[in-house]
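Each chain, letter by letter, is given below.
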Amino acid sequence: MARGCFITMEGLDGSGKTTQLKRLAAALEAEGHTVVTLRQPGSTALGDRIRGLLLDSRSESSLGPIAPLAELALMFADRAQAIAQIIEPALAAGHIVLCDRYTDSSEAYQGGGRQLGSETVLALHRAVCGGLQPDLTLLLLPPLATSLRRARSRNHRDQRMRGTDENRFERESDEFYRRIYQQYQAIALREPERVVPVTHDGSIEEIQQILREIVSQRISSIDSASTASVQGA
Ligand code: TYD
């Protein structure tokens, strides 16, 4: 069986990524694909525990401030578990893996936002992920002001409605998010083959249409490359 396709979604908090990912998964399933979705941090039992530690702003009061390198290492511990338990088995079975955030988030948030630098993050990626790279990364990068506004209003709404407090990152300053935004732009420039930025600030439906076109083109080019290599073998 041909190896599956690994697609990641990236963007700032409030970029609309999670809504788009759910719709994209439903559309691909309707076309007959088997789609495995996950989010980072999280999606495994270990990952959900790590997510709780990392994202709950109350954890700082019980654990004390989390050191930036500890935060980075926890992100990669989560990722290692997700690769072993979910991503690699799904790819080996020929499925489409749709992952909400991956190493680009660590490079943008810890490398850029927390200023640990890209090299540290990429060295960990090589060691921990064995260089497992997405076949395609959809980077939702509407104007920074739009993302900031959405992230802040979403956070207030979640706290009011559900009493959840996953806002440790969202309490950060605008300067922190500006560095993340710039790091994402730098990643897209460095790896234009893999990373496709969507900068259009349109409706959910308009963006979904753009994403579906990008994904179907990539899936058909992977399919024709694997057919050619089987024929050439
Ligand atoms: P989440 O609620 O999933 O945010 P969103 O819905 O916007 O994706 O929270 C994930 C948070 O964790 C988000 O603020 C980004 C951060 N994060 C990192 O800082 N580094 C990482 O490697 C990953 C995967 C996430």
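Residues numbered from 1 in each chain as written. Predicted model: local features only at pLDDT ≥ 70, side-chain atom pairs only at ≥ 80, totals over all residues. Heavy atoms only, no water.

Caption draft 1: Spotlight on the site of the ligand. In the neighbourhood of the ligand, 17 residues make up the surrounding shell, with D13, K17, R101, S106 and Q110 lying closest. Taking R79, its side chain carries an N or O atom lying 3.0 Å from an oxygen atom of the ligand. Here Q110 contributes a side-chain N or O atom positioned 2.8 Å from a nitrogen atom of the ligand. In isolation the ligand exposes 550 Å². Once the protein is present, 94% of that is buried. Put simply, the parts of the chain that give the shell around the ligand at least two residues each are α1 (17–30), α2 (45–55), α4 (68–92) and α5 (103–113). The dominant element in the shell around the ligand, judged by the number of residues it contributes, is α5, at 4 residues. Here the shell around the ligand is built from residues that sort into 5 nonpolar, 5 polar and 7 charged. (Near = heavy atom within 4 Å. Polar contact = N/O pair within 3.5 Å; in protein donor to acceptor, adjacent residues only side chain to side chain. Areas by Shrake-Rupley, 256 points an atom, 1.4 Å probe, with all protein chains shown as cover. Helix = DSSP H or I, 4+ residues; strand = E, 2+ residues; numbered from the N terminus. Nonpolar A, V, L, I, M, F, W, Y, C, P; charged D, E, K, R; others polar.)

Caption draft 2: Local environment of the side chain of D13. You can see D13 is positioned in the loop between β1 (5–11) and α1. Buried within the structure, D13 lacks any salt-bridge partner; its nearest side chain of opposite charge belongs to R101, at an N-O separation of 4.2 Å. Engagement of the side chain of D13 in a polar contact is seen with the side chain of Y109, the distance being 2.4 Å. (Buried < 20%, exposed > 50% of the residue type's maximum accessible area, 1.4 Å probe, protein only. Lys, Arg positive; Asp, Glu negative; His and termini not counted. Salt bridge = Lys/Arg side-chain N within 4 Å of Asp/Glu carboxyl O.)

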